[in-house]
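Given next are the chains, with one letter for each unit.
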Amino acid sequence: MSRTSIVEMGQAAPGLITPQEPSSRKTEGQFLSRLDVFLSEPLRRTPLEEHGRYRLLVCIALGLMVVDVLALLFLPFNPQAWNDGPVAFVSLLLNVLALVFLRRRSSHELSALLVCWTIAGAFVVSSLTSSWPYTASHAAGMLLPALSVYLVGPRSGLVLTVLMSLYVGILHPLRFTTPGVVSPPIPAGHLWMLDTFAALCMLGIWAVSWLHTSAREHAQAAREQALRTLRESERKLHSLIENTDDQVCSLDIEGRVIIANSAMRRAFRERHGREPVPGEPLPIHDPAGIQEKIRQRIRQAITGQSVRIEDIHKQGERVQVVDISIKPVFGEDGQPQGVTLFGRDVTERREAETKLGEMHRTLLDVSRQAGMAEMATGLMHNVGNTLNSVNVSASLITDRLRGLRVGGLIRAAELLREHEGDLCTFLATDPRGQQLPAYLIALSGQLAEDQQALLAEQQTLTDGLDHVKSIVTMQQGHARVAGMMELMSVTRLIDDALRLHAVSFERAKIDIHREYAEVPPILLDRHKLLQILLNLLSNARHALIDSGRPDKRLTLRVQPAPEDRLHIQVSDNGKGICAEHLARLFTQGFTTKKDGHGFGLHISALAAIEMAGSLTCDSAGPGQGATFTLELPMQCEEPRS
């Protein structure tokens with residue numbers, strides 16, 4: 001910022017160093033201040049423009065008094081002493097009276113009228129008593145219109161100027177051209193022309209003075225309005241800067257302080273032991289190198305760039321973080337004229353961000369536990385239903401084994417053992433022996449049927465145990481550490497999620513439709529995706545059950561999307577979602593279920609964002625079903641190390 005700008009801003013920044021005033025200006029100021037002795041107290045307190053007018057009036061009155069005193073002193077040598085003496089004496093008294101009025105009254109108008117009419121009267125009397133015809137065009141007469149406009153105003157000055165013009169242009173030439181009065185040494189026509197031009201010049205001088213005064217008054221009014229606006233803007237800006245908690249400081253092009261608000265001064269006093277002084281560089285004293293760092297950023301900002309720096313320091317037992325923004329200030333030519341520093345204490349915000357991050361991590365841990373609980377619930381449902389089938393099969397096998405006709409076979413074997421010596425006779429003649437072959441044939445058929453039934457139940461039992469084993473194996477495969485990225489098939493993971501809900505879907509008679517496009521395996525977090533899918537499938541199952549529709553249908557789609565993205569959609573024809581609920585669907589704590597906690601969809605949306613994707617929902621309204629779309633990046637290769 002230029003030195004002139006700094007001086008101008010010094011009025012709004014107390015304590016700013018300003019250039020020393022020249023000695024000539026001091027002398028002028030002392031002389032003008034001495035003129036105030038002749039002014040009353042109200043006149044001294046007037047604005048500078050009016051004050052200058054009163055001082056000029058004092059100077060004119062004093063000058064006329066000096067002229068009058070000199071005229072009185074030189075009366076013995078004046079050939080027209082009988083004429084000039086009374087004029088000088090009366091003029092001296094009137095000017096003294098004008099100064100007395102200036103000293104005693106709160107208005108200058110009477111004093112100005114006395115001075116102007118004194119000059120006019122002396123001019124008229126001198127020209128009337130003089131035998132020289134050129135007195136009407138004297139310089140004093142030309143000065144009178146300008147003084148009258150400036151001292152008494154355009155209207156009063158116009159009256160005085162018109163009267164003087166009439167005298168100069170008519171009465172004065174008549175005196176010298178009237179026969180028998182005075183014989184002029186020049187032709188009468190020449191005198192009339194000379195005095196007429198003098199009168200016109202007086203009127204012209206009044207007109208020029210009036211135009212100048214009017215223009216000056218308009219300019220003064222505009223300047224005063226501009227100054228009032230500027231002072232109001234400065235007041236508002238100063239109030240804004242002082243009332244903010246942010247640290248604000250303005251520097252010139254050389255890095256010297258122009259102004260600093262109370263927050264900046266307090267911060268420097270607490271940290272550096274002294275406040276910024278206008279006209280001096282910032283008092284930065286820091287062994288950690290922050291001083292040179294800030295100065296480098298200031299030099300960078302002076303070139304026209306906005307820079308930012310973070311100052312971390314220990315204040316007592318607390319680590320304080322200040323976000324410092326340095327912005328250039330441009331002049332009218334577009335060139336940097338200085339910089340402005342804005343410092344904001346973001347310690348509490350950083351602490352809140354740290355706590356928020358910890359809460360977010362805790363929330364993610366809880367969400368993973370909730371996802372694992374959801375998975376465990378599905379697993380227990382499937383395992384429980386399968387174990388019921390296993391129990392039924394085991395009971396049937398037990399009943400079948402108990403119902404086997406092993407006792408009849410044992411009695412037949414005992415008969416054969418008893419008649420082992422005469423077996424042919426026993427079978428041929430004994431009634432029991434004759435029935436034994438037919439009984440054995442029937443018993444063998446029955447045992448064969450029982451064997452097939454037991455084998456079938458045994459196969460059912462084996463299948464049930466294998467199903468339990470596969471569910472447990474799948475759960476163990478998914479129960480890995482979260483955050484681990486691996487290349488895997490999305491459709492396979494969807495089928496695994498469906499398998500965990502298979503029994504509940506079958507009981508609710510929900511028809512499953514799969515619309516899988518050919519997509520390669522992608523790089524993803526298995527746990528997060530499975531958690532999202534389980535939550536979406538669970539919500540779809542509840543929506544379909546609550547709808548009461550006989551044709552419950554759940555559709556799963558996998559299809560590629562533009563910009564190398566992948567869409568996974570879970571659509572149902574359940575009870576749908578109304579518009580006002582749709583906007584709040586992923587908000588934490590929002591739920592439409594009686595026993596819901598409003599946790600699942602919010603966590604699912606966060607998990608989607610952590611995988612660089614998004615989770616959205618569309619619904620035409622109540623009874624129209626809903627479609628949840630999970631968008632993921634199509635990353636098909638492991639990142640290279």
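A. Inspection of the overall build of the protein chain at higher detail. The number of helices and strands found in the protein chain is 20 helices and 12 strands. Burial statistics for the protein chain: of 641 residues in total, 38% are counted as buried. Of the contacts made within the protein chain by residues no fewer than 6 positions apart, 62% connect residues no fewer than 24 positions apart.

B. Highlighting the environment of Pro278. Within the fold, Pro278 resides in the loop between α10 (262–272) and α11 (290–302). Judged by relative accessible area, which is 17%, Pro278 ranks as buried. As for Pro278 and Val257, which are separated by 21 residues in sequence, their C-alpha atoms are 4.7 Å apart.

C. Main features of unusual backbone geometry. Phi is positive for Asp564, close to 55 degrees, though the residue is something other than glycine. Of note, Asp564 is situated in the loop between β9 (553–561) and β10 (565–572). You will see that Ala612, though not glycine, has its phi angle at about 65 degrees, which is positive. Mapped onto the secondary structure, Ala612 falls in the loop between α20 (600–610) and β11 (614–618).

D. Representation of the pattern of salt bridges in the model. Enumeration according to the criterion identifies 19 salt bridges in this entry. The residue Arg274 makes a salt bridge to Glu280 at a minimum N-O spacing of 3.2 Å. In this structure Arg274 comes out as partly exposed when scored by relative accessible area, which is 36%. By relative accessible area, which is 32% here, Glu280 ends up partly exposed. When the shortest N-O distance is used, the salt bridge between Arg349 and Glu353 registers 4.0 Å. Remark: Glu353 and Arg349 occur in helix α12 (residues 347–403); sequence separation between them is four residues, near one turn of the helix. Residue classification places Arg349 among the partly exposed positions, given a relative accessible area of 42%. A single network of salt bridges, built from pairs that share partners, joins Glu41, Arg44 and Arg45.

E. Structural context of the packing of helix α6 (residues 109–129) against helix α8 (residues 154–177). Between α6 and α8, whose axes approach to 11 Å, the crossing angle comes to 5 degrees. Between α6 and α8, the angle is such that the two are roughly parallel. In contact with Cys116, Trp117, Ala120, Phe123, Val124, Ser127 and Leu128 of α6, α8 contributes Leu160, Leu163, Met164, Tyr167, Val168, His172 and Arg175.

F. Quick peek at the nonpolar core. Leu529, Leu554 and Ile568 are the most contacted members of the largest nonpolar core, which totals 42 residues. If you list the elements that add at least two residues to this core, you get α16 (490–500), β8 (522–525), α18 (526–547), β9, β10, α20, β11 and β12 (626–633). By residue number, the principal contributor to this core is α18, which donates nine residues. Every residue in contact with Leu529, bar those within four places of it in the chain, is listed here: Leu493, Leu524, Ile568, Met611, Leu630 and Leu632.

G. Summary view of helix α5 (residues 81–104). For α5, with 24 residues, the first-to-last C-alpha span of 34 Å sits near the 34 Å given by 1.5 Å per residue. Against α3 (41–44), α4 (48–73) and α6 lie the buried residues of α5.

H. Here's a closer look at the sheet that holds β10. Overall, mixed pairing links the five strands, which are arranged β7-β9-β10-β12-β11 in an open sheet. Of all strands in the sheet, those with a lone pairing partner are β7 (511–516) and β11, marking the two edges. The average angle at which neighbouring strand axes cross in this sheet is 15 degrees, direction not considered. Two strands pair when backbone bridges link them, and β7 and β9 are joined in this way by six bridges, in the parallel orientation.

I. Local environment of the packing of α4 against helix α7 (residues 139–152). Contact geometry for α4 and α7: axes closest at 10 Å, N-to-C directions at 135 degrees. It follows that α4 is oblique to α7 by the angle criterion. When you trace α4 past α7, the crossing you get is left-handed. Along its contact with α4, which presents Gly52, Arg53, Leu56, Leu57 and Ile60, the element α7 presents Leu147, Tyr150 and Leu151. Looking at the contact of α4 with α7, its residues break down into six nonpolar, one polar and one charged.

J. Structural context of the sheet that holds strand β1 (residues 247–252). Spatial strand order, β2-β1-β5-β4-β3: five strands in an open sheet with antiparallel pairing. Here the strands that pair on one side only, and so sit at the sheet edges, are β2 (257–260) and β3 (307–315). This sheet shows a mean twist of 20 degrees between the axes of neighbouring strands, independent of strand direction. The sheet contact formed by strand β4 (residues 318–330) and strand β5 (residues 336–345) spans nine bridges and is antiparallel. By the bridge assignment for β5, Pro328 is matched with Val339.

K. Quick look at the confidence of the model for the protein chain. Of all residues in the protein chain, 81% have pLDDT values of 70 or greater, and the mean over the chain is 78. Element-level mean pLDDT values for the protein chain span from 36 in helix α1 (residues 3–9) up to 93 in β10. Confidence drops under a pLDDT of 50 for residues 1–20, and excluding neighbours within four residues, the segment shows 29 contacts in the predicted structure.

Rules used throughout
- Residues numbered from 1 in each chain as written.
- Predicted model: local features only at pLDDT ≥ 70, side-chain atom pairs only at ≥ 80, totals over all residues.
- Heavy atoms only, no water.
- Helix = DSSP H or I, 4+ residues; strand = E, 2+ residues; numbered from the N terminus.
- Buried < 20%, exposed > 50% of the residue type's maximum accessible area, 1.4 Å probe, protein only.
- Contact = heavy atoms within 4.5 Å.
- Salt bridge = Lys/Arg side-chain N within 4 Å of Asp/Glu carboxyl O.
- Axes fitted to C-alpha atoms, helices over the stretch in contact; angles between N-to-C directions.
- Parallel < 35°, antiparallel > 145°, perpendicular 65-115°, else oblique.
- Core = buried A, V, L, I, M, F, W, Y, C linked by side-chain atoms within 4.5 Å.
- Expected span 1.5 Å × (residues − 1).
- Pairing = 2+ DSSP bridges.
- Left-handed = near helix turned anticlockwise from the far one by under 90°.
- Nonpolar A, V, L, I, M, F, W, Y, C, P; charged D, E, K, R; others polar.
- pLDDT = per-residue confidence, 0-100.

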